[in-house]
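Fold and geometry: a report
Take a look at the letters that make up each chain.
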Amino acid sequence: MTQPILYTLRQCPYAIRARLGLRLAEQEIDIRDITLTDKPVEMLSITPKGTVPLLVLNNGDYIDESLAIMIWALNQSDPHNLLLADSTHLFPEMINLIARNDCKYIAALEHYKADIRYHNSNSIIYRNLCQSFLDDLELRLNKHHFFICDHPSLADYAILPFIRQFSHVERQWFRHAPYPKLKAWLEQHYQDPIFSRVMEKRSLWQSTSSTITHSDSIALSE
């Protein structure tokens, strides 16, 4: 039986999130690193949306949203109990936290990144908006080892790539930011072999219909 196929970009936070979910669910996947400047026709023939991550299942169906990929994978296998099957009362809180990340925090993060890139004075406004979410995460980590409880949940891994991205916007500022628990949480993930495997650099996948010659893109893609 052929394996499901994941089209991905190494540094895209949405793609990182999808790869984390698949790795944590111990799913065997054919991972195809691509570049957005030369999208393979095989990928575009599945959906013209042309974004990553894109998971193509054995039956021909596909999933093109990173959180949906994580949930699909963990519904197949959840060896680390990331869906909190034994603590169902915490599930709504976990989903609500991810929704805050996806609906509010990421929008502020995108503005923050752009304003820093173009030296716009509004960067402080959007950094402060991001910080309102980070403040909540820091408070959570003062109560538990992870965002929802004392072991990792889907929320930790779904949010991780976007905290990582925030920390890279102004590295010096973040180094001195008042988030000791969050920075320790981030470092703990960096030291995890699972994260290292997810971030391994691969050669760009060679399409049978076109030649990929450009370097990987770092843009948000979902």
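Values in this document were obtained by computation on a predicted structure and should not be read as measured data.

**Things to note about the overall build of the protein**
When its secondary structure is counted, the protein shows nine helices and four strands. N-terminal to C-terminal, the α/β element order of the protein is β-α-β-α-β-β-α-α-α-α-α-α-α. What you see for the protein is a C-alpha radius of gyration of 18 Å, in line with the 17 Å of a compact globule of 222 residues. Summarising its shape, the C-alpha atoms of the protein cover approximately 50 × 50 × 30 Å along the three principal directions. For the protein, long-range pairs separated by at least 24 residues make up 73% of all intrachain contacts whose partners lie at least 6 apart in sequence. Element-wise, carbon and sulfur atoms account for 52% of the exposed surface of the protein, whose accessible area totals about 10900 Å².

**Quick look at the UniProt feature "domain: GST C-terminal" (unreviewed entry) in the protein**
The positions that UniProt labels "domain: GST C-terminal" (unreviewed entry) are, in the present scheme, residues 61–207. For the annotated span residues 61–207, helix accounts for 66% and strand for 1% of the residues, and the straight-line distance between the end C-alpha atoms is 20 Å.

**Comments concerning the nonpolar core**
Of all hydrophobic cores here, the largest spans 67 residues; its most connected members are Tyr 7, Tyr 105, Leu 134, Phe 147, Ile 163, Leu 182 and Trp 185. Sort the elements by how many residues they give to this core and helix α6 (residues 154–169) lands first, with 10 residues. Leave out the neighbours within four places in its chain, and Tyr 105 touches Arg 100, Cys 130, Phe 133, Leu 134, Phe 162, Ile 163 and Phe 166.

**A short note on the packing of helix α4 (residues 91–117) against helix α5 (residues 123–143)**
Here α4 crosses α5 at 150°, and the two axes come no closer than 8 Å. By the angle between their directions, the pair α4 and α5 is classed as roughly antiparallel. Of the two possible hands of crossing, α4 and α5 adopt the one that is left-handed. Touching Glu 93, Leu 97, Arg 100, Asn 101, Tyr 105, Ala 108, Leu 109, His 111, Tyr 112, Asp 115 and Ile 116 of α4 are Ser 123, Tyr 126, Arg 127, Leu 129, Cys 130, Ser 132, Phe 133, Leu 134, Asp 136, Leu 137 and Arg 140, all from α5. Of the residues in the contact of α4 with α5, the class split is 12 nonpolar, four polar and six charged.

About the thresholds
- Residues numbered from 1 in each chain as written.
- Predicted model: local features only at pLDDT ≥ 70, side-chain atom pairs only at ≥ 80, totals over all residues.
- Heavy atoms only, no water.
- Helix = DSSP H or I, 4+ residues; strand = E, 2+ residues; numbered from the N terminus.
- Rg over C-alpha atoms; globule rule 2.2 N^0.38 Å.
- Contact = heavy atoms within 4.5 Å.
- Areas by Shrake-Rupley, 256 points an atom, 1.4 Å probe, with all protein chains shown as cover.
- UniProt positions renumbered as here; feature names shortened; annotations may be inferred.
- Core = buried A, V, L, I, M, F, W, Y, C linked by side-chain atoms within 4.5 Å.
- Buried < 20%, exposed > 50% of the residue type's maximum accessible area, 1.4 Å probe, protein only.
- Axes fitted to C-alpha atoms, helices over the stretch in contact; angles between N-to-C directions.
- Parallel < 35°, antiparallel > 145°, perpendicular 65-115°, else oblique.
- Left-handed = near helix turned anticlockwise from the far one by under 90°.
- Nonpolar A, V, L, I, M, F, W, Y, C, P; charged D, E, K, R; others polar.

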